[in-house]
Amino acid sequence: MIGVLIEYDFMRNAFYSALLSSVICGIIGTIIVEKKLVSMSGGIAHTSFGGIGLGFLLGIEPLIGGVGFAVSAALGIASIKRRTSTEADTLIGMFWAVGMALGVIFIALTPGYPPDMTTYLFGDILTVSSRFVKILALTAFMTVLLSISLFRYLKGYLFDEEYLKILGINTTFMEYLLYISISVGIVFLIKVVGIVLSIAMLTIPIATAKIFSRDLGRIMIYSTLIGSITSIGGMWFSYMYNIPSGASIIMVSILVYALTYPVSRIISKKRV
Amino acid sequence: MNIIDINNISVEYFGTKALEGVCLSIVDKEFLSIIGPNGGGKTTLIKTILGLVKPSSGIVEIKKGLRIGYVPQHTKFDRNFPISVHDVIITGRIKPKIRMFSRYSEEDKRLTDDIIERLGLETLKNRQIGELSGGQLQKVLIARALVTEPDLLILDEPTANLDAENKNEIYKILHKFNEDKAVILVTHDIEYLNNNKRHVVLLNKKIIYSGDSRRNNHEHYHGERT
Ligand SMILES: Nc1ncnc2c1ncn2[C@@H]1O[C@H](COP(=O)(O)OP(=O)(O)OP(=O)(O)O)[C@@H](O)[C@H]1O
Ligand SMILES: [Mg+2]
C-alpha cells in the first residue's frame, strides 16, 4: 500500500482526503448526533444537490453552488421553524425534496452533454484533485480550531442552549456558527462519499466511539480516529477490488461498528 | 429597593392568553413565593422575566447588572448527553462574552467544588448526567444556578419530585441564600408556605392575590377574587 501511495498522486490525494474528512466527520458528526441534527444534516446534504446542479448550469464550480444551497437550507430551516409552527422535521423533508428537484431541473437545462452526477451522489475519493485536498485541509483546520477554541461554549450550547441564553451568551451567534460549519463540512464530504452516503460518515464512527466514551471531547477524538481507519481501509478495498469508494468506506465502518460492540462487551465482562 | 419591576405584562401563545396585565415588583433580599393552579402562567411569568418569552405588551425592568440564577421546571436537555455532573455545574461560570480559548479560572473551579460539597454531591460529580435520579438531578440544577453567585435565584417547582429529607435540605439552602439575596420560588407546597410566612402571590392569568402573610394588615387584593 505504501508503494502505491508514494507512486500515484491520486492515491496520495485520496489518502489525505480520507484523513481530513475523518477529522471533519469526527467533530461535525459528534455535534449533529448529540444535538439531534442527523435528519437535518441529511436534508442539508440533499438540498445542496440543487446548488451543484446550478453550478453546472452557470458553469461555475458545482461545490460552490452546493455550499450556497446547504448554508441557505440550514439557516432557512432554523429561521422558518422559529417563526412558524411548522415542525423542523417537516421542513427538512420539504427542503430535501425541493433541493433534489431543483438539481435535476438545473442539470436538464444545462446545455450540451449531461454531466455525470454519480460522483456527487455516491462520491469518488480516488478522483479528488490536490486543489480539493487543500480546500479540505482548510475546512478541517477551521473545524478543529473553532471546536477547540470555543469548546466550553460548544459543550454548553449542545447540552442546554436555553441555559446559556439565560447566562447572557449570544446563542443566536452560536447557532449560526454551528449551522454554517455543519453545512460547509457536509458539502466537502460530498466529494468524498457523496450526498446519499454522507450521513453514514457522520454517524457510524460516532456511534462506534460512543461505545467507548461518555465524554463529548473524547467522542470527537475517538470518532476521528475510528473514521480515519475505516475510511483508509475502505479506500484501499475500493482500489483493490475496483468498487465505488463511498460504498466501500461505509461498509468497512459499519463492519467495525458491528464488531466493536460485542468485542467491547466481552472485554468489559472480563474486567469485572 | 426594587430589583425587578414587572409593568402590566401580557403574554399570548398563538392567540391564547397566558398572562393578562400582571404588575409585580421584587424587592432586594425578599423571598417571593408564587402559587397558582396548573396552567396559571407561573412558568410563563418567570420565562418573561428571564427574557425567554416575549410579552405581547408591557415591560419588565431589571436592575442593571443583576445576576439571575434559574432552576427550570422542565429541563429541555437530553439526559443522555455525554457530560458529567461537574461539567454541568461549572457551566454556570461560563462568561457571557464569547472569547476564543477562554478557560475556567481557578476561582471558577474553587466555587464549583464548594457548591458540590455544600450540596453533598461529591460522590456524584464524575457521573454522567443521565445516571442520576430525579431528585439528584434537581440538586445538580440548583448547584448550577448557585455557582453563578446570583443576586436573585428563581426556582420553578424545585421540590416537585423530592422526598421529605431532600425537600428540607433544599429549603435550608434557600433560606441561607436568602439571608442576603432575593429568591423567587414557584411552588405547590402549601404546607411549606403555611409554616413560612412570606410574600405570596397567587397567579391565575392575573394576580388574584398578593400579600405578605407575615404582616396581615398589609394584605392587598388585585382584581376580582375567585
Ligand atoms: N410553549 C407554549 N405554547 C403554547 N401554549 C403554552 C406554552 N407554554 C405554556 N402555554 C400555555 O400557557 C398557559 C400557562 O402555562 P404555564 O406553563 O405558564 O403554567 P404554570 O402555571 O407554570 O403551570 P404548572 O403548575 O402546570 O407548571 C397554559 O394554558 C399553557 O397551556
Ligand atoms: Mg410551570
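This part takes up the overall build of chain A. The helix and strand inventory of chain A stands at 13 helices and 0 strands. Helices and strands appear in chain A in the N-to-C order α-α-α-α-α-α-α-α-α-α-α-α-α. Relative to the globule expectation of 19 Å for 272 residues, the C-alpha radius of gyration of chain A, 19 Å, shows essentially globular dimensions. Seen along its three principal axes, the alpha-carbon backbone of chain A occupies a region of about 65 × 55 × 30 Å. In chain A, which comprises 272 residues, the proportion classed as buried is 51%. Pairs at least 24 residues apart make up 76% of the contacts formed inside chain A by residues separated by at least 6 positions. Roughly 12400 Å² of accessible area belongs to chain A as shown, and the carbon and sulfur atoms make up 70% of that amount. Of note, chain A has its 19 positive side-chain charges centred 9 Å away from the centre of its 13 negative side-chain charges.

Here we come to the overall build of chain B. Within chain B one finds 6 helices and 10 strands. Radius of gyration (C-alpha) of chain B: 18 Å, near the 17 Å computed for a compact globule of 226 residues. Along the first, second and third principal axes, the C-alpha set of chain B runs to 50 × 40 × 35 Å. Per-residue burial for chain B yields a buried fraction of 50% across its 226 residues. Accessible area for chain B stands at about 11300 Å²; split by element, carbon and sulfur atoms hold 47% of it.

All names here are of chain A. Relative to the helices and strands, T260 is located in helix α13 (residues 245–271). Note on T260: relative accessible area 14%, which makes it buried. Discounting chain neighbours no more than four positions away, the residues touching T260 are T208, I211 and F212.

How big an interface is tends to be expressed through the accessible area that disappears when the partners come together. Contacts between chain A and chain B engage 29 residues on the former and 33 residues on the latter. Note on chain A versus chain B: buried area summed over both sides is about 2900 Å², and carbon and sulfur give 65% of it. Between D160 of chain A and R144 of chain B there is a salt bridge, with its nearest N and O atoms 3.0 Å apart. Counting every contact that joins chain A to chain B gives 11 residue pairs in polar contact (both at pLDDT 80 or more). Elements represented by at least two residues in the side of chain A that touches chain B include exactly α7 (130–149), α8 (151–159), α9 (161–166), α10 (171–193) and α12 (216–241) of chain A. At 6 residues, α8 of chain A tops the list of elements feeding residues into the side of chain A that touches chain B. Classifying every residue of the side of chain A that touches chain B gives 16 nonpolar, 4 polar and 9 charged.

Residue and element names in this part refer to chain B. Looking at ligand 1, there are 13 residues lining it, with G39, K42, T43, T44 and Q73 nearest. Residue N38 places a side-chain N or O atom 2.9 Å away from an oxygen atom belonging to ligand 1. A distance of 2.5 Å is found between an oxygen atom of ligand 1 and a side-chain nitrogen or oxygen belonging to T44. Computed on the free molecule, ligand 1 has an accessible area of 630 Å², of which 61% lies beneath the protein chains in the complex. Per element, the largest residue contribution to the shell around ligand 1 is 3 residues, and it comes from helix α1 (residues 42–50).

Further remarks concern the coordination of the magnesium ion (ligand 2). Residue and element names in this part refer to chain B. Only T43 (OG1) and Q73 (OE1) from the protein coordinate the magnesium ion (ligand 2), and they sit 1.9 to 2.1 Å from it. Here Q73 lies in the loop between β5 (68–71) and α2 (85–90) and T43 lies in helix α1, a separation of 30 residues in the sequence. Under the relative-accessibility criterion, Q73 is labelled partly exposed at 28%.

Another aspect to go through is the nonpolar core. Formed by 137 residues in total, the largest nonpolar core has its most connected members in I182 of chain A together with I6, I129, L152 and I154 of chain B. Counting residues per element, this core draws most heavily on α10 of chain A, at 11 residues. Every residue in contact with I6 of chain B, bar those within four places of it in the chain, is listed here: V22, C23, L24, I26, L45, I49, I59 and V60 of chain B. With 5 residues, the next largest nonpolar core counts V33, I206, I219 and I226 of chain A among its residues.

Another aspect to go through is helix α5 (residues 88–109) of chain A. Residue and element names in this part refer to chain A. Taking 1.5 Å per residue as the helical rise, α5 with its 22 residues ought to reach 32 Å, and the 31 Å between its terminal C-alpha atoms agrees with that figure. For α5, the set of buried residues is L91, I92, G99, G103, F106 and I107. Buried positions in α5, seen along its axis, are confined to an arc of 120° and lie on one side of it. Residues V104, A108 and L109 are exposed on α5 and point more than 90 degrees away from its buried face. Buried residues belonging to α5 abut α3 (38–58) and α4 (62–83).

Criteria and cut-off values
Residues numbered from 1 in each chain as written. Chains lettered and ligands numbered in written order. Predicted model: local features only at pLDDT ≥ 70, side-chain atom pairs only at ≥ 80, totals over all residues. Heavy atoms only, no water. Helix = DSSP H or I, 4+ residues; strand = E, 2+ residues; numbered from the N terminus. Rg over C-alpha atoms; globule rule 2.2 N^0.38 Å. Buried < 20%, exposed > 50% of the residue type's maximum accessible area, 1.4 Å probe, protein only. Contact = heavy atoms within 4.5 Å. Areas by Shrake-Rupley, 256 points an atom, 1.4 Å probe, with all protein chains shown as cover. Lys, Arg positive; Asp, Glu negative; His and termini not counted. Charge placed at Lys NZ, Arg CZ, Asp CG, Glu CD. Buried area = accessible area lost by both parts, 1.4 Å probe. Salt bridge = Lys/Arg side-chain N within 4 Å of Asp/Glu carboxyl O. Polar contact = N/O pair within 3.5 Å; in protein donor to acceptor, adjacent residues only side chain to side chain. Nonpolar A, V, L, I, M, F, W, Y, C, P; charged D, E, K, R; others polar. Near = heavy atom within 4 Å. Donors = N, O, S within 2.8 Å, 3.2 Å for Na, K, Ca; no water. Core = buried A, V, L, I, M, F, W, Y, C linked by side-chain atoms within 4.5 Å. Expected span 1.5 Å × (residues − 1). Arc of directions from axis to C-beta.

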